[in-house]
Every structure is written in structure tokens, then in C-alpha cells.
Amino acid sequence: MANTPSAKKAARKIERRTEVNKNRRSRMRTFVRKVEEALASGDRAAAGVAFEAAQPEIMRAAQKGVLHKNTASRKVSRLAQRVAKLSA
């Protein structure tokens, strides 16, 4: 447990940031799941639309520090490949 006033404040800040990051991560995962579901159903149009919505969400999560930049790029790249494969 934090003892000093500065450590107590840091603990409060961490708690708030954790909550914000949890929401961002959840939001990103929801968008990715929508792409996955569209891919699983084989719906090209829905997969394309879902991917277009998911891409900025993933990159925003990276920008906000929820994901590493390279991890976000890798996720976007792999989803794009799967959507393109479905379209072909």
C-alpha cells in the first residue's frame, strides 16, 4: 500500500488510467471481433465495412499507448490480408 502522499496520488492516477485503457482495449476488440465474424460468415461486403471501421480503432489504440505501434500494424495487416483473400 502507498504511504507517501505522492505515492497515493500516483495510485489514484494509475487506477483512472487503467479504467480508460480497459475501455479502449475493449472497444478495439469489439471492432476486431466484428471483422472476424464477417470473415467467418463469408460476407465480403460486411467484412470490408467492418475492416474499414476497425483499422482506425486499432491505430488509435496504438497511438494512445494501449498497444505497441508494431503490434497494431501487424493486426491491421493480417486482417487486411484475410479480407482481401475473402474478396478474391
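Residues numbered from 1 in each chain as written. Predicted model: local features only at pLDDT ≥ 70, side-chain atom pairs only at ≥ 80, totals over all residues. Heavy atoms only, no water.

1. A few points about the environment of Val83
- Relative to the helices and strands, Val83 is located in helix 3 (residues 69-87).
- Given the relative accessible area of 10%, Val83 is considered buried.
- If we ignore the near neighbours within four places in the chain, the residues touching Val83 are Val35, Leu39, Ala47, Gly48 and Phe51. (Helix = DSSP H or I, 4+ residues; strand = E, 2+ residues; numbered from the N terminus. Buried < 20%, exposed > 50% of the residue type's maximum accessible area, 1.4 Å probe, protein only. Contact = heavy atoms within 4.5 Å.)

2. Regarding a positive patch on the surface
- On the surface, a cluster of positive charge is contributed by Lys8, Lys9, Arg12, Lys13, Arg16, Arg17 and Lys64.
- Positionally, Lys13 belongs in helix 1 (residues 5-41).
- Since its relative accessible area comes to 44%, Lys13 is described here as partly exposed. (Patch = residues over 30% accessible without salt bridge, like charges linked within 9 Å, V, L, I, M, F, W, Y side chains within 5 Å. Areas by Shrake-Rupley, 256 points an atom, 1.4 Å probe, with all protein chains shown as cover. Salt bridge = Lys/Arg side-chain N within 4 Å of Asp/Glu carboxyl O. Lys, Arg positive; Asp, Glu negative; His and termini not counted. Charge placed at Lys NZ, Arg CZ, Asp CG, Glu CD.)

3. Things to note about the nonpolar core
- Among the nonpolar cores identified, the biggest contains 19 residues, and Val35, Phe51, Ile58, Leu67, Leu79 and Val83 are the most heavily contacted of them.
- Examining the composition of this core, we find that 7 residues originate from one element, helix 2 (residues 44-63), more than from any other.
- In this structure Val35 touches Ala50, Phe51, Ala54, Leu79 and Val83, once residues within four positions along its chain are discounted. (Core = buried A, V, L, I, M, F, W, Y, C linked by side-chain atoms within 4.5 Å.)

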